[in-house]
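Coordinate inspection notes
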Amino acid sequence: MYVPDHYQGSPEAALTVVRAGPLATLVTGADPWPLATHLPVVVPADVEAALEHGPVDLRGHRLIGHLNRANPHWRQLSAGEQPSLLIFRGPHGYISPVVYESTPAAPTWNFTAVHVHGTIRPLPAGKETLDVIHRTVEVLEGGFGHGWDMRGSLEYFEKIVPHVGAFEFQVAEVDGMFKLSQELDEETRERTTHHFATSAHGTHRELACEMARLSTAAETKDGASEGASGSSSKRGTA
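About the thresholds
- Residues numbered from 1 in each chain as written.
- Predicted model: local features only at pLDDT ≥ 70, side-chain atom pairs only at ≥ 80, totals over all residues.
- Heavy atoms only, no water.
- Pairing = 2+ DSSP bridges.
- Helix = DSSP H or I, 4+ residues; strand = E, 2+ residues; numbered from the N terminus.
- Axes fitted to C-alpha atoms, helices over the stretch in contact; angles between N-to-C directions.
- Contact = heavy atoms within 4.5 Å.
- Salt bridge = Lys/Arg side-chain N within 4 Å of Asp/Glu carboxyl O.
- Buried < 20%, exposed > 50% of the residue type's maximum accessible area, 1.4 Å probe, protein only.
- Phe/Tyr/Trp six-rings, centres within 6.5 Å; stacked < 30°, edge-to-face > 60°.

Moving on, we get to the sheet that holds strand β2 (residues 35–42). With antiparallel pairing, six strands are arranged side by side around a closed barrel as β1-β2-β3-β6-β5-β4. Neighbour-to-neighbour, the strand axes of the sheet open up by a mean angle of 40 degrees, direction not taken into account. Here strand β4 (residues 82–95) runs beside strand β5 (residues 108–122); their pairing, made up of 12 bridges, is antiparallel. The partner of Leu85 across the bridge, within β5, is His117. Across the sheet, helix α5 (residues 127–144) lies against β2, β3 (62–68) and β6 (164–179), angled at about 70 degrees from β2, the strand it touches most.

Okay, the pattern of salt bridges next. Evaluated as defined, the whole model comprises 11 salt bridges. Where Asp131 meets Lys127, a salt bridge forms, and the shortest distance between an N and an O atom there is 2.8 Å. Of this pair, Asp131 and Lys127 both sit in helix α5, four residues apart, which is roughly one turn of that helix. In this structure Lys127 comes out as exposed when scored by relative accessible area, which is 61%. The network of salt bridges with shared partners includes Asp46, Arg62, Arg121 and Glu168.

Further remarks concern the packing of aromatic side chains. Counted by the stated rule, this structure contains two aromatic pairs. Summarising the aromatic geometry, the rings of Tyr94 and Trp109 are spaced 5.8 Å apart at their centres and angled 55 degrees between planes, so their arrangement reads as tilted. Of the two residues, Tyr94 is situated in strand β4 and Trp109 in strand β5; the sequence distance between them amounts to 15 residues. By relative accessible area, which is 40% here, Tyr94 ends up partly exposed. Owing to a relative accessible area of 43%, Trp109 belongs among the partly exposed residues under this scheme.

Set out below in structure tokens:
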């Protein structure tokens, strides 16, 4: 993924996208064209513990996921380890030039996305696959559900596990794209953020939160720089 320097995010920001949007797109090479499957991918418990006490960077760690064994994609995955790509998408939204209130202007799209490159390895059927299902339910129910207790359905999980293919994904590289109007002047950026914050479309309000968070971080950084240098770095000041 091509990421201009001013749209790059930190490893921490990339991990936030992965956690917040676990419905990933898995892409692997195939003939005559690549295969892609939308599936849940989560961070294993031991990796979460390592991230809590070490660098908040997915590189060198594992992710886990699963899909239906009837999916033709599983037949390719079950052949063994292979290079793959996981795509995670965050909030996004279209910006009409009307929002900018200036001419000339061009329409664009703000968004956040993370590409995780690495090696995928199929896991054995049985307990290891069942463990992936349990962890996936734990993460998704904890983050997006209503406190459902899976214990009453464990026997059901054991019945369906023969139809599930699980994998682990060893992360090599992570590319994060955070296109949040960084190139715009402060007034236009605030206008754009307000546009998304007051919109009822899709993930616009989440996008506004990301833009506001970025602006706050930039202001904090600028303030620290001013304190260290004794001079202002804000736009329009001498």
